[in-house]
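Structure at a glance
For reference, the chains in residue letters:
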Amino acid sequence: MSRPRASASPLYVPHKASRAEQRAARAGFAEARRQARLAETHPKHHAEKTRDPELQPTYPVAGRPGPASARGGKLNLPAHRMTTATASGAYPFVAEGGLGAEGVFIGRDVHAEAAFCFDPFSLYNSGRIEGFTNPNVVLAGIIGMGKSALAKSIATRSIAHGYRIYIPCDPKGEWTGVAQALGGYSIALGPGLPGRLNPLDAPARPASVSEDDWATEVRKRRLLLLAGLARTVLKRDLLPMEHTALDLALDLVVAEAAARDTVPLLGEIAHALGSPKRLDQALGHQSGQLGSAAQDLAHALRRLVHGDLSGMFDAPSTVAFDPTAPMLSIDLSRLGGAGDDTALVLAMTCASAWMESALADPDGGRRWVIYDEAWRLMRHVGLLERMQSQWKLSRGLGIANLMVIHRLSDLLSAGDAGSRGRVLAEGLLADCSTRIIYRQEPDQLAAAASLLGLTGVETQAVSALTKGRGLWKVAGRSFITQHILHPAERELFDTDARMAT
């Protein structure tokens, strides 16, 4: 495309011309030169218009135009003397200073017109923000406002800072392509698939822990896993005798596996629970009372061996955990698609237990653990207990948990007021120093304001947020941030591809 060229030269003005004629000639020359400059810069302006609108600056380099800019001598105020401490609150044009330049670039601070960066680890270690007590994050927003893109963008950009990403539950399979594109891998679990995970695998023992202490810790984790699985299937809490039956069955299977130099399996636990004589003999002095009490447990765990989850968690693991991989996701999109989340919850419980082997490693570095579509997990106490454990130990484990939900009221679906599930769900929110709220429906504003303690201005802002724009509450400070996506990220994170075809 040829580029237009234009120039302007002074006109010849006779020496005896009048002053009016000379002024007219100079004005004509100035107008011609201005038109030449416009002709020269026209292609540049056209190129700027075709650029991604999200990457365009809000105001030109010269600043905000118009009378509101306080330029041109139109703002005439009388002189007033005050201290800098008073001036910082009294001056009407002071903007939030931001969180600093350390960490992952998120986008643009709408009010300050500056770059917005976020790194929960550096914020916690620096102590710059009072009240920032943990690195955990909750992200809430209605469908289509860009919350999934933000979660994936944080994960993708964190890898460049040396962090690793774990997704223990991917109900829709959206993270598989992201993990593969970033050099990680995804494990797909479902009927007929080759993937196998043994949730009873023992994680590697840290060098600082003795063998006896580590054996006790592994046994405790296995018991919690078995109790959580049984509680999910039975949809009730376990009785005292059932807890005893689990203890005995686990000890029997672990002893036999150690003699064979193998790893215990869930199928062997179910078989031991279904053998009353073995349990009664192991119990000893109370023989004849325990075997019948364990029948419900045996049938509950049988679903993982012979039911709709058979073949996924009842065999040795076919995938070795690679702690050096930048991203690992567990694809559970082939489970729980018929409205029943039981299979999904059981699978996630097993997958989380398997993945905890990396989280327990003190030399694993800093890691993000992302719970996508976490609203599906709120109704299951067993999963909430596992999540609470990771939330409470996040600083010691060196992890930052990110919980993605649609509405803040999803936390209230965990149970009635005062119930165990509701207390756990509200505890997860309380243990998140960072809350990111994308647009909420009008009928959800009251619940969001109550749970998060939003001011009237913040509540009004949440109801009017546009796509990609969210209210960030970091400890006691608030920001309205526009998330900016790179074109390559937009293509990789697109969750609406099927809607466009």
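Everything here concerns the structure above.
The structure contained in this document is the topic of the report that follows. (Residues numbered from 1 in each chain as written. Predicted model: local features only at pLDDT ≥ 70, side-chain atom pairs only at ≥ 80, totals over all residues. Heavy atoms only, no water.)

Describing the pattern of salt bridges
Per the stated rule, a full pass over the model turns up 19 salt bridges. Residues E385 and R420 are paired through a salt bridge, measuring 3.5 Å at the closest nitrogen-oxygen approach. Residue E385 is found in helix α12 (residues 381–392), and its partner R420 is found in helix α14 (residues 420–430); the two are separated by 35 residues along the sequence. According to the relative accessible area criterion, E385 is partly exposed, its value standing at 27%. Given a relative accessible area of 46%, R420 falls into the partly exposed group. In the salt-bridge network here, residues are joined through shared partners; they are K152, K172, E174 and E373. (Salt bridge = Lys/Arg side-chain N within 4 Å of Asp/Glu carboxyl O. Helix = DSSP H or I, 4+ residues; strand = E, 2+ residues; numbered from the N terminus. Buried < 20%, exposed > 50% of the residue type's maximum accessible area, 1.4 Å probe, protein only.)

Considering the sheet that holds strand β7 (residues 367–371)
Across the sheet, which stays open at both edges, the eleven strands sit in the order β2-β1-β11-β10-β9-β3-β8-β7-β4-β6-β5 with mixed pairing between neighbours. Looking at the sheet topology across the chains shown, the edges are occupied by β2 (114–118) and β5 (185–188). Strand-to-strand twist in this sheet, taken as the mean axis angle between neighbours without regard to direction, amounts to 25 degrees. Sheet topology places strand β4 (residues 164–170) next to β7; four bridges connect them, and they run parallel. Residue Y166 lies in a different strand from β7, and its bridge partner there is V369. Sitting on the sheet, helix α16 (residues 456–463) touches β9 (434–437), β10 (469–474) and β11 (477–483), and the angle it makes with β10 is about 150 degrees. (Pairing = 2+ DSSP bridges. Axes fitted to C-alpha atoms, helices over the stretch in contact; angles between N-to-C directions. Contact = heavy atoms within 4.5 Å.)

Considering the pairing of β2
It is a general feature of regular strands that their side chains alternate between the two faces of the sheet. Of the strand pairs in this sheet, strand β1 (residues 104–109) and β2 are connected by five bridges, and their pairing is antiparallel. Residue pairing across strands places R108 opposite A115, the latter belonging to β2. Counting the residues that bridge the hairpin from β1 to β2 gives four residues, and of these E113 lies at a positive phi of roughly 55 degrees.

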